[in-house]
Amino acid sequence: MTALGTIDRPLTHDPLKQALMTAYTTSEQPHGSAHADFITAGAITSRQNRTREMQLIPEALARAHMDDRMREADAERHALRLLAARRMQRRAERVSLRARRALAMAVMH
């Protein structure tokens, strides 16, 4: 028997052009196998959905990765702003102490 394509090795990679699975008659159907209507019903659409989902997986991963990177960048920016604010606060406190000392020295003399 010459098969044009199997599930593992289809004749073409395009799901629309793949050969449909042939249904067994009731006498040929192996014991315990799926019903013919279950095998052929929606086989093409399930293959299309599977390939579409598989093609979208890298995009979803890239989107999640970029979201993580953006969150990290925002957190780093926030931390840098906080450090700069603390540095400016310490500088302002030192300037305030110097001004207070200078005023005290001017009043005492």
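Residues numbered from 1 in each chain as written. Predicted model: local features only at pLDDT ≥ 70, side-chain atom pairs only at ≥ 80, totals over all residues. Heavy atoms only, no water.

(A) Summary view of the overall build of the protein. A tally of regular secondary structure across the protein gives two helices and zero strands. Relative to its 109 residues, the protein shows a buried fraction of 4%. Of the accessible surface of the protein, which amounts to about 10,200 Å², a share of 60% is contributed by carbon and sulfur atoms. (Helix = DSSP H or I, 4+ residues; strand = E, 2+ residues; numbered from the N terminus. Buried < 20%, exposed > 50% of the residue type's maximum accessible area, 1.4 Å probe, protein only. Areas by Shrake-Rupley, 256 points an atom, 1.4 Å probe, with all protein chains shown as cover.)

(B) Focus on a positive patch on the surface. Residues R86, R87, R90, R91, R94, R98 and R101 make up a contiguous surface patch of positive charge. As for its placement among the helices and strands, R86 is situated in helix 2 (residues 43-108). Assessed through its relative accessible area of 46%, R86 is described here as partly exposed. (Patch = residues over 30% accessible without salt bridge, like charges linked within 9 Å, V, L, I, M, F, W, Y side chains within 5 Å. Salt bridge = Lys/Arg side-chain N within 4 Å of Asp/Glu carboxyl O. Lys, Arg positive; Asp, Glu negative; His and termini not counted. Charge placed at Lys NZ, Arg CZ, Asp CG, Glu CD.)

(C) Inspection of the pattern of salt bridges at higher detail. According to the stated counting rule, one finds two salt bridges in the structure shown. A salt bridge links R71 to D68; the shortest N-O distance between them is 3.0 Å. Separated by three residues within a single helix, R71 and D68 lie in helix 2, roughly one turn from each other. Residue classification places R71 among the exposed residues on the basis of a relative accessible area of 54%. Between D74 and R77 there is a salt bridge; the shortest N-O distance is 2.8 Å. Of this pair, D74 and R77 are both found in helix 2, three residues apart, which corresponds to roughly one turn of the helix. On the basis of relative accessible area, D74 is assigned to the partly exposed category, the value being 38%. Classification of R77 by relative accessible area gives partly exposed; the value is 42%.

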